[in-house]
Amino acid sequence: MPPSTSTAATPAATGGTALALRGVSVSFGGVHALTGVDLAVAPGTVHGVIGPNGAGKTTLFNVACGFVVPDEGTIERRGEQLTRLRPHDLAGLGMARTLQGLGLFDRVTVLENVLVGADRHARTGFLTALLGLPRAAREERALRDRAMAVLERLDVASYAARYPASLPYPVRKRVALARALAAEPDLLLLDEPASGLGADDMTELGDLVQSLSRDEGVSVLLVEHHMDLVMRVCDEITVLDFGRRIASGTPAQVRDDPAVLAAYLGEQVG
Ligand SMILES: Nc1ncnc2c1ncn2[C@@H]1O[C@H](COP(=O)(O)OP(=O)(O)OP(=O)(O)O)[C@@H](O)[C@H]1O
């Protein structure tokens, strides 16, 4: 079963972009990681962020997640400015993310990891459910059903009772994505989701991302090195270089942009 579409973003429902960064600047000491960057994720679309090494992609992702507070600029969600976005605010805002480091809990099972994501909708909370209190029983069952459904969708339900550390990396990546999807976000932030994946897994990942946006109206911000994946699944792409936006547009526009070609000159494009 796919995640519910009840929270999916539509232009009418959002009253604006799914996420917009305006004039965002971030410095680390003397390093200008981002300078006046604008980016708008249109509802229900996949927006890619690419750029050579050190271009500022991770910093931009961290701003969108609330890990990094920009020195200047604003973040808007559905037309409203978010002041002091924090990582723990994401679920309440209908946002979910996966990280390069995956961030799975090694001491609980795959299913329990995904339940942490699904817990966004629980009234009684994951801890109460874990403790098995009677009033939580029905809700816990519903949460487990949804978590299992997401694991099935990503073809990893057979690992539900296993511990993440014992699993191959591509499986752990799917579990991390399942945990994000279990929260039924309408905006998904993906940081290098294809890293460490083989060709088949990458193709399936691309199909899933496209299906989430096209069939379910989920908006996606995709920071990714693999150019072929970005070109295949993104509706729009923002290109960063030395912390500045040097181009944005459709994959075809970006591919032919002289500034982009110059930025990547000498880089091996994955
Ligand atoms: N915590 C930090 N402290 C100091 N400098 C940083 C920090 N994080 C990033 N930078 C610097 O900011 C710039 C942008 O880095 P960032 O990691 O955002 O780029 P990136 O495009 O994700 O690079 P890569 O593709 O290599 O991962 C780089 O010059 C980097 O060295």
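An unreviewed UniProt entry annotates the protein as ABC transporter ATP-binding protein of Nocardioides abyssi.

Can you lay out the confidence of the model for the protein for me, pointing to particular residues and giving the numbers?
With 85% of its residues at a pLDDT of 70 or more, the protein has an overall mean of 85. Scored below 50 in pLDDT, residues 1-14 makes 29 contacts in the model with residues more than four places away or belonging to other chains.

Residue-level account of the site of the ligand, with values.
Around the ligand, the neighbouring residues are Phe28, Val31, Ala33, Pro52, Asn53, Gly54, Ala55, Gly56, Lys57, Thr58, Thr59 and His225. In the environment of the ligand, an oxygen atom lies 3.4 Å from a nitrogen or oxygen atom belonging to the side chain of Asn53. The separation between an oxygen atom of the ligand and a polar main-chain atom of Ala55 is 3.0 Å. Those elements that provide at least two residues to the shell around the ligand are strand E2 (31-41) and helix H2 (57-65). Element by element, the count of residues in the shell around the ligand is highest for H2, at three residues. Classifying every residue of the shell around the ligand gives five nonpolar, six polar and one charged.

Give me the lowdown on helix H6 (residues 169-182), citing residues and values where you can.
Given a rise of 1.5 Å per residue, 14 residues ought to cover 20 Å, and the 20 Å separating the end C-alpha atoms of H6 matches this to within 8%. Most of H6 sits out of view: eleven of its 14 residues are buried. Buried within H6 are the following residues: Val171, Lys173, Arg174, Val175, Ala176, Leu177, Ala178, Arg179, Ala180, Leu181 and Ala182.

Mind laying out the pairing of strand E8 (residues 219-223), listing which residues take part and the relevant values?
Sheet faces and side chains relate simply in a regular strand, where the side chains alternate between the two faces. Burial runs high along E8: five of the five residues are buried. Residues Ser219, Leu221 and Val223 point to one face of E8 and Val220 and Leu222 to the other, with burial holding for every one of them. Examined bridge by bridge, strand E3 (residues 46-50) and E8 share four bridges and lie parallel to one another. Within the sheet, the bridge partner assigned to Gly48 lies in E8 and is Leu222. Handedness of the crossover is the feature at issue here: the chain leaves strand E7 (residues 187-191), passes through helix H7 (residues 199-216), returns alongside E8, and the resulting connection is right-handed.

Tell me about the side chain of Lys173, and please be specific about residues and values.
Positionally, Lys173 belongs in helix H6. Nearest to the buried, unbridged Lys173 among oppositely charged side chains is Glu224, at 6.4 Å. Here the side chain of Lys173 touches Ser195 through a polar contact of 3.0 Å, side chain to side chain. In contact with Lys173, other than residues within four places in its own chain, are Leu102, Glu192, Pro193, Ala194, Ser195 and Leu197.

Tell me about the sheet that holds E3, and please be specific about residues and values.
Taken together, the six strands give an open sheet; going across it, the order is E6-E7-E8-E3-E9-E10, and neighbouring strands pair in mixed fashion. In this open sheet, the two edge strands, each paired with only one partner strand, are strand E6 (95-98) and strand E10 (244-249). On average, each strand axis in the sheet is tilted by 15 degrees relative to the strand beside it, whichever way the strands run. Packing against the sheet, H6 makes contact with E6 and E7, and its axis sits at approximately 175 degrees to E6.

Conventions used here
Residues numbered from 1 in each chain as written. Predicted model: local features only at pLDDT ≥ 70, side-chain atom pairs only at ≥ 80, totals over all residues. Heavy atoms only, no water. pLDDT = per-residue confidence, 0-100. Contact = heavy atoms within 4.5 Å. Near = heavy atom within 4 Å. Polar contact = N/O pair within 3.5 Å; in protein donor to acceptor, adjacent residues only side chain to side chain. Helix = DSSP H or I, 4+ residues; strand = E, 2+ residues; numbered from the N terminus. Nonpolar A, V, L, I, M, F, W, Y, C, P; charged D, E, K, R; others polar. Expected span 1.5 Å × (residues − 1). Buried < 20%, exposed > 50% of the residue type's maximum accessible area, 1.4 Å probe, protein only. Pairing = 2+ DSSP bridges. Right-handed = clockwise from strand over helix to strand, strands pointing away. Lys, Arg positive; Asp, Glu negative; His and termini not counted. Salt bridge = Lys/Arg side-chain N within 4 Å of Asp/Glu carboxyl O. Axes fitted to C-alpha atoms, helices over the stretch in contact; angles between N-to-C directions.

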